[in-house]
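Chain by chain, the residues:
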Amino acid sequence: SWSLFFLVSVVWVVLVCLLFCSRLLSVGAAPICTNAQAGCHALSLANLFDRVIQHSARMHGISNDLHSEFEQYFLPSKNQIGRVSRNCHTSTIFTPNGKENAQRMARQELTEVILKLLVAWRDPLWHFHQSIAHHHDFNNFSANKALEMSDMVHELRKGVEKVAEKMQMMGIISNSVSSLASPEALLPSDSAEWRLMKDYDLLYCFRRDSNKVQNYLKILKCRIVPEHGC
Amino acid sequence: MSLPFLRTHCGTVGARMWRDLGLAVLVLLSAAVESNSTSPPGKPVLLSCRSPEKETFTCWWEPGSDGGLPTTYRLYYERERLEGVHECPDYWSAGSNSCFFNKTHTLIWVDYYLTVVASNALGNATSDIFKMDVMEIMKPNVPENVTLLVVETEDSPYLHIRWEHPRNTDTESGWVTIKYELRIKQEKNNKWKEYMSGTQSHFSLYSIAPGGVYTVQVRCKLDHGSWSEWTNSTNVKVPNYVQNERSFWILVATLSAIPFMAAMCILIVKRENVKQCVLPPVPGPKIRGVDFHLLMSGQSEDSTNALIINQNFPLIVGWKDQMEEYLIVTENDIGPPSDASHCQKRKKSLIIPAGFCSDWEIQCKSTHIQNDCAGGTKNETGNFPKNNKSLSGESLSYMEPSKLQKQQCLGQNFVNTEATDPSPLNYDNAVKPFTNSGYVDIRKHVENTQEVNVKQVDYSRVEDVNGDNVFILNNKNLAFNSSGYMDFQRQEEKLSEDYSRVKEVGSNNVVVLQIQDMSADTKNPHATGAHKMGVCTELINSEYIDTIPAPPLM
């Protein structure tokens with residue numbers, strides 16, 4: 001009878017664990033609906049903002065790490081006369097460079113700027129990853145980071161688009177955000193400019209731009225839904 | 001000859017050389033001294049730049065040698081997306097050898113190229129180019145107003161630490177995200193323990209040691225920048241009283257544990273006694289006088305014998321009350337039969353109560369059986385049961401008067417009659433008329449006796465008592481199951497053992513009873529005659545004969 005009791009208790013524990021785990025998983029897998037459909041768990045705008053801000057922070061962190069690694073390997077020429085300013089291909093996009101400028105900018109404009117930046121980096125990052133992967137000087141870890149970075153910019157763009165939709169729904173911004181209609185129109189005219197840039201310069205530019213995206217998102221959030229973390 | 005000439009010539013030349021050489025050295029030295037005091041400045045070095053809040057920044061340089069002349073230092077910068085070379089807007093706000101860029105001159109996410117030029121009357125010196133982006137040089141000021149508080153709850157106190165963000169940082173607009181870190185040290189240890197606080201400006205430390213002194217320092221950082229310096233140490237002392245309370249309880253627990261341990265030891269040492277006390281041995285089944293092993297060995301006769309002999313059967317009271325009828329037994333041969341029809345059937349008989357009694361106890365004073373039949377009194381009276389008793393040798397004919405005991409016997413009374421045997425018994429004719437009447441106990445068994453098929457033709461039943469000293473006998477053959485005088489399930493031998501016959505009627509109203517030992521086995525200890533038979537000597541009114549047969553087995 002002891003062995004029977006033991007067996008029964010083990011089975012019971014396993015069942016309880018399975019039940020608990022399934023509940024946990026089911027909670028995590030709640031779909032996000034922009035319209036409050038029935039049975040759908042609609043996220044609030046603050047929640048959406050938090051998610052995209054976290055995402056952008058992580059993206060910037062990865063770019064920072066990769067940049068440090070590059071500096072170790074390449075020792076880029078700080079000795080060079082730095083008058084050769086890097087012309088990032090996104091420098092044509094007008095971005096506010098100070099706090100007051102950013103706060104003065106309209107929400108809609110700011111959202112558009114973010115989207116433009118994100119769109120502009122989709123292709124270059126993919127090619128950057130390709131070139132890293134084939135380069136023998138880098139280990140797999142760096143290549144993985146580059147791939148992750150490339151994916152993240154893609155997802156972040158979708159996230160920001162959702163945020164923009166929600167804001168439009170709530171009437172915070174007007175419906176005439178052109179970036180949502182045709183993102184490709186946002187691309188700079190000479191979109192091939194980035195192909196001329198070296199890998200290190202690409203990374204340098206992207207590190208800066210990812211920081212911009214993160215900052216602009218935070219400013220938007222604290223301006224629109226300043227509940228937590230502002 | 002020429003040698004002395006040469007010597008003097010050289011001497012004069014050497015001296016002159018030495019003199020000139022000394023003069024030249026002197027000139028050179030003076031010249032050198034004069035040129036050290038004035039020289040172009042040495043090359044300055046740009047040390048670092050720092051932005052405390054991502055809105056302004058400051059750069060510092062280290063000057064080189066100044067060349068002995070007053071030297072001025074100028075900082076020039078070039079910037080991405082800005083044409084031309086510009087000079088530092090503010091040399092004073094941040095101290096000497098520094099340049100402060102205020103909000104209007106600060107742009108984030110753009111590269112600055114800085115150089116410092118040192119110049120004096122004699123020349124210039126230019127430092128290396130220092131490239132920077134404000135995003136990279138962020139290092140905030142220290143947090144402010146670090147306060148410590150010991151919060152005392154019931155269970156355990158904890159340490160609550162609060163601070164404020166550095167004064168000039170704007171954490172509300174989302175422009176910067178500030179993160180804190182703190183470190184705590186106990187006075188005894190020299191080791192710091194670090195904790196991350198995220199963006200919260202407070203922290204709680206649990207499980208602090210009472211009586212300890214804690215030292216706390218906090219620092220912060222902006223976005224992905226550098227950590228600030230640590231704040232100055234702040235100390236707090238945790239009060240001590242909690243420990244006393246706990247030590248009191250520890251003392252109580254220890255003291256109460258000692259008698260507990262002692263009790264356990266005693267229990268273990270004396271475990272046999274305890275076991276006996278708590279779990280007393282269950283007595284096995286035991287019958288007095290019976291050897292258990294004998295029973296087990298399976299000799300049934302002995303065991304059953306043992307079982308029965310040892311019984312002192314209690315005398316049953318209520319039985320008798322219901323059932324008793326009393327007969328008057330007299331010796332008179334006068335007395336009209338009440339019912340002549342019964343006459344023939346009647347026999348003289350004695351009613352002898354029968355039962356399992358250990359003693360013969362005969363109650364009556366005298367018994368005489370009377371035959372009330374008209375015909376042949378003598379004959380009738382002669383119908384005393386035969387005496388073939390082996391007990392005759394003893395004075396068993398004497399019934400001792402004894403107290404009437406109710407429920408001595410469980411038997412029944414039988415009337416022994418001779419089966420229509422008018423043969424004269426060896427009674428003498430001294431059947432005297434009864435002066436007294438006595439009563440013979442008749443126990444009537446109401447329940448039907450079962451299947452005992454004893455056909456004791458010797459017995460007849462007293463049917464009726466007629467007047468005084470008369471009883472009427474019923475001579476029909478009784479199946480024993482028909483009367484109340486049944487012996488319960490007894491077999492023939494045993495039955496007969498309960499009943500005694502009147503052997504003879506003595507002269508003085510004495511009825512001699514006889515225990516008939518019908519069983520053939522000699523084991524029957526009747527012969528031993530431990531019992532006594534008494535004979536009623538006198539017949540007194542309302543006295544009863546109660547004979548109790550000896551127990552069949554002795």
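Analysis parameters
Residues numbered from 1 in each chain as written. Chains lettered and ligands numbered in written order. Predicted model: local features only at pLDDT ≥ 70, side-chain atom pairs only at ≥ 80, totals over all residues. Heavy atoms only, no water. UniProt positions renumbered as here; feature names shortened; annotations may be inferred. Helix = DSSP H or I, 4+ residues; strand = E, 2+ residues; numbered from the N terminus. Contact = heavy atoms within 4.5 Å. Pairing = 2+ DSSP bridges. Axes fitted to C-alpha atoms, helices over the stretch in contact; angles between N-to-C directions. Buried area = accessible area lost by both parts, 1.4 Å probe. Salt bridge = Lys/Arg side-chain N within 4 Å of Asp/Glu carboxyl O. Polar contact = N/O pair within 3.5 Å; in protein donor to acceptor, adjacent residues only side chain to side chain. Disulfide = S-S within 2.5 Å. Buried < 20%, exposed > 50% of the residue type's maximum accessible area, 1.4 Å probe, protein only. Core = buried A, V, L, I, M, F, W, Y, C linked by side-chain atoms within 4.5 Å. Domains from an automatic or database assignment. Parallel < 35°, antiparallel > 145°, perpendicular 65-115°, else oblique. Left-handed = near helix turned anticlockwise from the far one by under 90°. Nonpolar A, V, L, I, M, F, W, Y, C, P; charged D, E, K, R; others polar. Phe/Tyr/Trp six-rings, centres within 6.5 Å; stacked < 30°, edge-to-face > 60°. Lys NZ or Arg CZ within 6 Å of the ring centre and 35° of its normal.

Chain B goes by Prolactin receptor in an unreviewed UniProt entry, where it is assigned to Sparus aurata. Turning to chain B, the UniProt record has this under Subcellular location (unreviewed entry): "Membrane". UniProt, in the comment section headed Sequence similarities (unreviewed entry), describes chain B in these words: "Belongs to the type I cytokine receptor family. Type 1 subfamily."

In the annotation of an unreviewed UniProt entry, chain A is listed under the name Prolactin 2 and assigned to Sparus aurata. Listed in UniProt under the heading Subcellular location (unreviewed entry), the comment for chain A reads: "Secreted". The UniProt entry for chain A carries this comment under Sequence similarities (unreviewed entry): "Belongs to the somatotropin/prolactin family."

Participant: Tell me about the overall build of chain A, and name the residues and values.
Facilitator: Tallying secondary structure elements over chain A gives 8 helices and 0 strands in all. If you list the helices and strands of chain A from N to C, you get α-α-α-α-α-α-α-α. Sequence-distant contacts, at least 24 apart, represent 80% of the contacts inside chain A between residues at least 6 apart.

Participant: Outline the sheet that holds strand β10 (residues 158-164) of chain B, supporting the account with residue identities and numerical values.
Facilitator: All names here are of chain B. Strand order in the open sheet formed by 3 strands is β9-β10-β13, with antiparallel pairing between adjacent strands. Edge strands, defined here as strands with exactly one partner in the open sheet, are β9 (144-151) and β13 (202-205). If you compare each strand with its neighbour and ignore which way they point, the axes differ by 15 degrees on average. Where β9 and β10 come together, 6 bridges link them in antiparallel fashion. For Leu148, the partnering residue across the bridge sits in β10 and is Ile161.

Participant: Break down the interface of chain B and chain A for me, citing the residues and quoting the values.
Facilitator: Contact residues are listed per partner, giving 26 residues for chain B and 30 residues for chain A. Of the roughly 2,500 Å² buried at the junction of chain B and chain A (both faces included), carbon and sulfur atoms supply 46%. When the buried area of chain B at its contact with chain A is split by residue, Trp109, Trp175 and His224 of chain B rank highest and sum to 27% of it. With a closest N to O distance of 3.3 Å, Glu55 of chain B and Lys99 of chain A form a salt bridge. For the pair chain B and chain A, the number of links is 14 residue pairs in polar contact (both at pLDDT 80 or more). Those elements that provide at least two residues to the side of chain B that touches chain A are β6 (111-120) and β8 (130-133) of chain B.

Participant: Account for the state of the cysteines, with residues named and values stated.
Facilitator: Applying the stated rule across the entire model yields 3 disulfides over all chains. Bridging Cys49 of chain B to Cys59 of chain B, the disulfide has an S-S length of 1.8 Å. Here the disulfide of Cys49 of chain B and Cys59 of chain B is right-handed, its torsion about the S-S bond being about 110 degrees. With Cys49 of chain B in strand β1 (residues 45-50) and Cys59 of chain B in strand β2 (residues 57-62), this residue pair connects regions lying 10 residues apart in the sequence. Residues Cys49 of chain B and Cys59 of chain B agree in their burial class; the two are buried. Considering cysteine sulfurs only, Cys17 of chain A is the nearest to Cys21 of chain A, which forms no disulfide, with 6.2 Å between them.

Participant: Account for the nonpolar core, with residues named and values stated.
Facilitator: Counting residues in hydrophobic clusters, the biggest one holds 101 residues, and the most contacted among them are Phe49 of chain A together with Leu75, Tyr112, Leu114 and Ile161 of chain B. Broken down by element, the residue count for this core peaks at 12 residues, all from helix α8 (residues 199-224) of chain A. Here this core spans two domains, and each of domain 1 (45-133) and domain 2 (147-241) of chain B adds at least three residues to it. Leaving out residues up to four positions away in the same chain, Tyr112 of chain B has contacts with Phe57, Tyr77, Glu78, Arg79, Phe101, His105, Thr106, Leu107, Phe130, Lys131, Met132 and Val134 of chain B.

Participant: How would you explain the pairing of β6 of chain B if you had to name every residue and give the values?
Facilitator: Consecutive residues of a regular strand have side chains that alternate between opposite faces of the sheet. Residue and element names in this part refer to chain B. For β6, the tally of buried residues reaches 10 of 10 residues, placing the bulk of the element in the interior. Pairing of strand β3 (residues 72-79) with β6 involves 8 bridges; the strand directions are antiparallel. If you follow Tyr73 over to β6, its bridge partner there is Ala118. Pairing of β6 with β8 involves 4 bridges; the strand directions are antiparallel. In the sheet register, Tyr112 faces β8, and the bridge partner there is Met132. In this structure, β6 lies alongside strand β7 (residues 123-126), joined through 4 bridges in antiparallel fashion. The residue bridging Ala118 from the neighbouring strand is Ala125, located in β7.

Participant: Before we move on, could you go through the environment of Ser210 of chain A and cite the residues and values that matter?
Facilitator: Residues and elements named next belong to chain A. Relative to the helices and strands, Ser210 is located in helix α8. Using a relative accessible area of 0% as the deciding quantity, one classes Ser210 as buried. When neighbours within four sequence positions are excluded, Ser210 is seen to be in contact with Met59, His60 and Ser63.

Participant: Which residues make up the packing of helix α5 (residues 122-134) of chain A against α8 of chain A, and what values go with them?
Facilitator: Residues and elements named next belong to chain A. At a minimum axis separation of 11 Å, α5 and α8 run at an interaxial angle of 135 degrees. The angle between the axes of α5 and α8 places the two elements in the oblique class. For the crossing formed where α5 meets α8, the hand is left-handed. Of the residues in α8, those in contact with Pro124, Leu125, Phe128 and Ser131 of α5 are Asp199, Leu202, Leu203 and Phe206.

Participant: Could you give an account of the packing of helix α4 (residues 107-120) of chain A against α8 of chain A, naming the residues involved and the relevant values?
Facilitator: All names here are of chain A. Running from amino to carboxyl end, α4 crosses α8 at an angle of 155 degrees, the nearest separation of the two axes being 10 Å. Our classification of the angle between α4 and α8 gives roughly antiparallel. Two packed elements cross with a definite hand, and for α4 against α8 that hand is left-handed. For the pair formed by α4 and α8, the contact residues are Arg107, Leu110, Thr111, Val113, Ile114, Leu117 and Leu118 on the first element and Asp209, Lys212, Val213, Tyr216, Leu217, Ile219, Leu220, Arg223 and Ile224 on the second. Here the contact of α4 with α8 is composed, by residue class, of 11 nonpolar, 1 polar and 4 charged.

Participant: If you had to explain the environment of Met132 of chain B to someone new, which residues and values would you point to?
Facilitator: Note that Met132 of chain B resides in strand β8. Considering only alpha carbons, one finds Met132 of chain B and Trp109 of chain B, 23 residues apart in sequence, at a separation of 9.7 Å.

Participant: Please set out the side chain of Asp133 of chain B residue by residue, giving values where relevant.
Facilitator: Mapping Asp133 of chain B onto the fold places it in strand β8. A distance of 3.3 Å separates a polar side-chain atom of Asp133 of chain B from the backbone nitrogen of Trp109 of chain B.

Participant: Tell me what's going on with the packing of aromatic side chains, and back it up with residues and numbers.
Facilitator: Per the stated rule, a full pass over the model turns up 17 aromatic pairs over all chains. Between Trp2 of chain A and Phe5 of chain A the ring centres are 6.0 Å apart and the planes differ by 80 degrees, which places this aromatic pair in the edge-to-face class. You can see Trp2 of chain A and its partner Phe5 of chain A sitting in helix α1 (residues 2-28), 3 residues apart, about one turn around the helix. You'll find Trp2 of chain A and Phe5 of chain A in the same group, each marked exposed. Aromatic rings pair up to connect Phe57, Tyr77, Phe101 and Tyr112 of chain B into one cluster. Taking the ring centre of Trp175 of chain B as reference, the NZ or CZ of Lys54 of chain B above it sits at 5.1 Å.

Participant: With reference to specific residues and values, describe unusual backbone geometry.
Facilitator: All names here are of chain B. With a phi close to 65 degrees, Arg81 is a non-glycine residue in the positive phi region. Here Arg81 shows up in the loop between β3 and β4 (82-87). For Asn97, which is not glycine, the phi dihedral falls at a positive 55 degrees. Assignment of secondary structure puts Asn97 in the loop between β4 and β5 (98-101).

Participant: Before we move on, could you go through the pattern of salt bridges and cite the residues and values that matter?
Facilitator: Tallied over the full model, the rule gives 21 salt bridges over all chains. Two residues, Glu148 of chain A and Arg58 of chain A, come together in a salt bridge whose shortest N-O distance is 2.7 Å. Taken together, the residues span a long stretch of sequence, with Glu148 of chain A in helix α6 (residues 140-170) and Arg58 of chain A in helix α2 (residues 45-74) at a distance of 90 residues. Here Asp170 of chain B makes a salt bridge to Lys99 of chain A, at a shortest N to O gap of 2.5 Å. Within this pair, whereas Asp170 of chain B is found in the loop between β10 and β11 (178-186), its partner Lys99 of chain A is found in helix α3 (residues 99-104), the two belonging to separate chains. Its relative accessible area of 18% is what places Asp170 of chain B among the buried residues. Given a relative accessible area of 11%, Lys99 of chain A falls into the buried group. When salt bridges that share partners are traced, they join Lys99 and Glu100 of chain A together with Glu55, Lys103 and Asp170 of chain B into one network.

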